[in-house]
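Examination of the molecular architecture
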Amino acid sequence: MEQKMKEVIDRALYGAPEIKPEERNLFLSTLLERIHLALTKKQVINKGMYNEVIELMKTKRNLQLYLNGNLGYSHFSNYIKEAGTHGVSFTFVTPKKLTPFGLIVADQADPIETKQLFIKDELFERDMEESGADFLP
């Protein structure tokens, strides 16, 4: 009974415990199991858009874009316009900790099966190198 009371008090004071907080910090508040595609900050800042993101917006339902709030709106404007065209929701997330990611395309609620989470181009490699990211799947 005493343990139960402590749990109730802790929830009231601190809120519900967060599931996988490190993973959520890394992937802009979402879980790895929901991610279709993740772009690094350099990939987002790069002029133009990645066709893979556009194709996901055209073909998948229940998508959510998570955008790194530390980057300027101008870097996301094309993605936001495209999301509006396809009825895809988006959320700006200001990460609590450093993350190499700038844009995440994820399912809103359900786990998915993804073979390729990243577009491993030169910009991706540079971001991973700079962030020391040896923690990725």
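Use the structure listed above.
A quick note: this is a predicted structure, and the numbers were derived from the prediction, not measured.

1. Re unusual backbone geometry
Not every positive phi belongs to a glycine, and Leu 28 is a case in point at roughly 55°. Tracing the sequence through the fold places Leu 28 in the loop between helix H2 (21–26) and strand E1 (35–40). You can call Leu 28 buried: its relative accessible area is 1%. Even without being glycine, Ser 29 reaches a positive phi, approximately 85°.

2. So, the packing of aromatic side chains
One pass over the structure, following the stated rule, counts five aromatic pairs. Ring geometry for Phe 76 and Phe 92: centres 5.6 Å apart, planes at 80°, overall edge-to-face. In this pair, Phe 76 sits in helix H5 (residues 73–85) while Phe 92 sits in strand E3 (residues 89–93), placing the two residues 16 residues apart along the sequence. Members of the aromatic cluster, each reached through a chain of ring pairs, are Phe 27, Phe 101, Phe 118 and Phe 124.

3. Focus on a nonpolar patch on the surface
A surface patch of nonpolar side chains, amounting to about 310 Å² of accessible area, comprises Tyr 73, Phe 90 and Phe 92. As for its placement among the helices and strands, Tyr 73 is situated in helix H5. Classification of Tyr 73 as partly exposed rests on a relative accessible area of 49%.

4. What about H5?
A rise of 1.5 Å per residue sets the reference length of H5, with its 13 residues, at 18 Å; its end C-alpha atoms lie 18 Å apart and thus fit the reference within 8%. The largest bend along H5 measures about 30° and falls at Tyr 79. Where H5 is buried, its residues touch E1, helix H3 (41–45), helix H4 (51–59), strand E2 (63–68), E3 and strand E4 (101–107). Of the residues trailing H5, Gly 87 is marked for its positive phi of about 70°.

Criteria and cut-off values
- Residues numbered from 1 in each chain as written.
- Predicted model: local features only at pLDDT ≥ 70, side-chain atom pairs only at ≥ 80, totals over all residues.
- Heavy atoms only, no water.
- Helix = DSSP H or I, 4+ residues; strand = E, 2+ residues; numbered from the N terminus.
- Buried < 20%, exposed > 50% of the residue type's maximum accessible area, 1.4 Å probe, protein only.
- Phe/Tyr/Trp six-rings, centres within 6.5 Å; stacked < 30°, edge-to-face > 60°.
- Patch = residues over 30% accessible without salt bridge, like charges linked within 9 Å, V, L, I, M, F, W, Y side chains within 5 Å.
- Areas by Shrake-Rupley, 256 points an atom, 1.4 Å probe, with all protein chains shown as cover.
- Salt bridge = Lys/Arg side-chain N within 4 Å of Asp/Glu carboxyl O.
- Expected span 1.5 Å × (residues − 1).
- Bend = angle between axes of the 7 residues up to and from the residue.
- Contact = heavy atoms within 4.5 Å.

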